[in-house]
Amino acid sequence: MHTHHLRPTLEMAGGTAFHFTDEPLETVLQRAFDAAGGKDVRIGGGAAVIQQYLRAGLIDELHLAIAPMLVGHGERLFDNLGDGIDGYRVSELVGSPTVTHAVLVRR
């Protein structure tokens with residue numbers, strides 16, 4: 001897990017282990033690809049984490065689940081990206097009164 005708050009490895013029942021690191025994005029992502037053994041790698045986190053990976057051009061597909069609620073504060077996902085969002089297109093958009101799913105893919 002890419003973090004600003006280093007901590008010991010967290011071992012879960014069933015054998016899953018979470019390793020916490022503050023290494024460069026590319027290093028963390030390469031470790032995730034290696035551990036995934038050819039499977040998809042998903043990046044989770046708040047807006048600041050996703051922004052870092054978008055600015056670095058490291059996200060191929062972005063799935064957004066947008067719930068219509070007002071929280072009064074928080075980080076805006078698409079702020080401070082520079083050219084980080086250029087080159088993406090919406091490939092899927094499905095909505096309902098409770099949630100909208102948008103999938104952005106690299107062109």
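Predicted model, so just to flag it, every value in this text is computed and none were measured.

1. Here we look at the nonpolar core
Nonpolar side chains in soluble globular proteins generally cluster together in the buried interior.
Then comes step 1: If you look at the biggest cluster of nonpolar residues, it comprises 13 residues, and the most contacted ones within it are Ile50, Tyr53, Leu54, Ile59, Leu62, Tyr88 and Leu104.
Then comes step 2: Listing elements by their share of this core, those giving two or more residues are α1 (25–36), α2 (47–55), β3 (61–66) and β5 (100–106).
Then comes step 3: Contact partners of tyrosine 53, with chain neighbours within four places excluded, come to His2, Leu25, Val28, Leu29, Ile43, Leu58 and Ile59.

2. Topic: the side chain of threonine 3
Then comes step 1: Relative to the assigned elements, threonine 3 resides in the segment before β1 (10–11).
Then comes step 2: In this structure threonine 3 comes out as buried when scored by relative accessible area, which is 13%.
Then comes step 3: Within polar-contact distance, the side chain of threonine 3 engages the backbone nitrogen of histidine 5 at 2.9 Å.
Then comes step 4: With near-sequence residues (within four places) excluded, threonine 3 lies in contact with Phe20, Thr21 and Asp22.

3. Observations concerning α2
Then comes step 1: Along α2, the residues that are buried comprise Ala47, Ile50, Gln51, Tyr53 and Leu54. Along the long axis of α2, the arc covered by the buried residues comes to 165 degrees, so they all point the same way.
Then comes step 2: Looking at the residues trailing α2, positive phi occurs at glycine 57, about 70 degrees.

What counts and how
Residues numbered from 1 in each chain as written. Predicted model: local features only at pLDDT ≥ 70, side-chain atom pairs only at ≥ 80, totals over all residues. Heavy atoms only, no water. Core = buried A, V, L, I, M, F, W, Y, C linked by side-chain atoms within 4.5 Å. Buried < 20%, exposed > 50% of the residue type's maximum accessible area, 1.4 Å probe, protein only. Helix = DSSP H or I, 4+ residues; strand = E, 2+ residues; numbered from the N terminus. Contact = heavy atoms within 4.5 Å. Polar contact = N/O pair within 3.5 Å; in protein donor to acceptor, adjacent residues only side chain to side chain. Arc of directions from axis to C-beta.

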